[in-house]
Amino acid sequence: MDRETAEEITRHFDVVAESFRSEIGTLRNDFNGLGESLQSEIGTLRNDFNGLGESLQSEIGTLRNDFNGLGERLQS
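Residues numbered from 1 in each chain as written. Predicted model: local features only at pLDDT ≥ 70, side-chain atom pairs only at ≥ 80, totals over all residues. Heavy atoms only, no water.

Observations concerning the overall build of the protein
Stage number 1. For the protein, the count of helices and strands is one helix and zero strands.
Stage number 2. Relative to the compact-globule value of 11 Å for 76 residues, the protein shows a C-alpha radius of gyration of 32 Å, a clear excess of over 25%.
Stage number 3. With respect to the three principal axes, the spread of C-alpha positions in the protein is 110 × 15 × 5 Å.
Stage number 4. The buried share of the protein, reckoned over its 76 residues, is 3%. (Helix = DSSP H or I, 4+ residues; strand = E, 2+ residues; numbered from the N terminus. Rg over C-alpha atoms; globule rule 2.2 N^0.38 Å. Buried < 20%, exposed > 50% of the residue type's maximum accessible area, 1.4 Å probe, protein only.)

Here it is in structure tokens:
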């Protein structure tokens, strides 16, 4: 292989390598953005489930009071 061909192959690989580096950087940014988005969604879901848990506890307390009151009326 002559020197000119070797240099041309080297330039070609340099271009391909730079393209790969660029694509990897783009993928890294995409994954970072996805991670941030997922963290945000997880936080929202956590808040929603906490609110649901508090609501269920309140409803269960109301039912407990209703059953206790019913039991007292039945015993009278």
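Observations concerning the environment of valine 15
Stage number 1. Counting through the fold element by element, valine 15 comes out in helix 1 (residues 3-75).
Stage number 2. In this structure, the C-alpha to C-alpha distance between valine 15 and leucine 74, residues 59 residues apart in sequence, is 87 Å.

Digging into a nonpolar patch on the surface
Stage number 1. A cluster of nonpolar side chains, contributed by Leu27, Phe31, Leu34, Leu38 and Ile42, occupies part of the molecular surface with about 480 Å² of accessible area.
Stage number 2. On the basis of relative accessibility, which here comes to 46%, the residue leucine 38 falls in the partly exposed class. (Patch = residues over 30% accessible without salt bridge, like charges linked within 9 Å, V, L, I, M, F, W, Y side chains within 5 Å. Areas by Shrake-Rupley, 256 points an atom, 1.4 Å probe, with all protein chains shown as cover. Salt bridge = Lys/Arg side-chain N within 4 Å of Asp/Glu carboxyl O.)

What to know about the environment of glutamine 39
Stage number 1. Here glutamine 39 shows up in helix 1.
Stage number 2. Separated by 20 residues in sequence, glutamine 39 and serine 19 have C-alpha atoms that sit 30 Å apart.

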